[in-house]
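Residues per chain are reported as follows:
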Amino acid sequence: MDMKFLVQFVKAAKRYDWKGPNGSPRIEWEIEYKRLDEFNALTVDRTWIKKP
C-alpha cells in the first residue's frame, strides 16, 4: 500500500476493535464511490513490506 493512502483516506478509517492480533486495531475503510479510482491507484499492484 502506498503510504499516501493513510494521508488521503484518514477520515475514511473506522476503527471497530482495538484488540486485534498483537493488540493492533482492526480498521474498515468507508470509501466514497467517487474516490474509488484514487483508492485503487494507491492500493492495487502494491507489494507488502514484511515487518522485521
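Residues numbered from 1 in each chain as written. Predicted model: local features only at pLDDT ≥ 70, side-chain atom pairs only at ≥ 80, totals over all residues. Heavy atoms only, no water.

A. Geometry of the pattern of salt bridges. Taken as a whole, this structure holds 2 salt bridges when the rule is applied. A salt bridge links Glu32 to Lys34, with the nearest nitrogen and oxygen atoms 3.7 Å apart. Given the relative accessible area of 43%, Glu32 is considered partly exposed. Note that Arg35 is salt-bridged to Glu38, the shortest N-O span being 3.1 Å. With relative accessibility at 22%, the residue Arg35 sits in the partly exposed group. Judged by its relative accessible area of 28%, Glu38 falls in the partly exposed class. (Salt bridge = Lys/Arg side-chain N within 4 Å of Asp/Glu carboxyl O. Buried < 20%, exposed > 50% of the residue type's maximum accessible area, 1.4 Å probe, protein only.)

B. Region of the structure containing a nonpolar patch on the surface. Judged by side-chain polarity, Met3, Leu6, Ile27 and Trp29 come together as a nonpolar surface patch covering roughly 370 Å² of accessible area. Tracing the backbone through its elements, the reader meets Ile27 in strand β2 (residues 26–29). Owing to a relative accessible area of 32%, Ile27 belongs among the partly exposed residues under this scheme. (Patch = residues over 30% accessible without salt bridge, like charges linked within 9 Å, V, L, I, M, F, W, Y side chains within 5 Å. Areas by Shrake-Rupley, 256 points an atom, 1.4 Å probe, with all protein chains shown as cover. Helix = DSSP H or I, 4+ residues; strand = E, 2+ residues; numbered from the N terminus.)

C. Spotlight on the packing of aromatic side chains. Tallied over the full model, the rule gives 4 aromatic pairs. Between Phe5 and Phe9, the ring centres sit 4.9 Å apart and the planes meet at 35°, which makes this aromatic pair tilted. Given the relative accessible area of 1%, Phe5 is considered buried. For the ring pair Phe9 and Phe39, a centre distance of 6.2 Å and an interplane angle of 80° mean the geometry is edge-to-face. One end of the pair, Phe9, is in the loop between α1 (4–8) and β1 (13–17); the other, Phe39, is in helix α2 (residues 36–43), with 30 residues separating them in the sequence. The structure contains a cluster of three or more aromatic residues connected by ring pairs, namely Phe5, Phe9, Trp29 and Phe39. (Phe/Tyr/Trp six-rings, centres within 6.5 Å; stacked < 30°, edge-to-face > 60°.)

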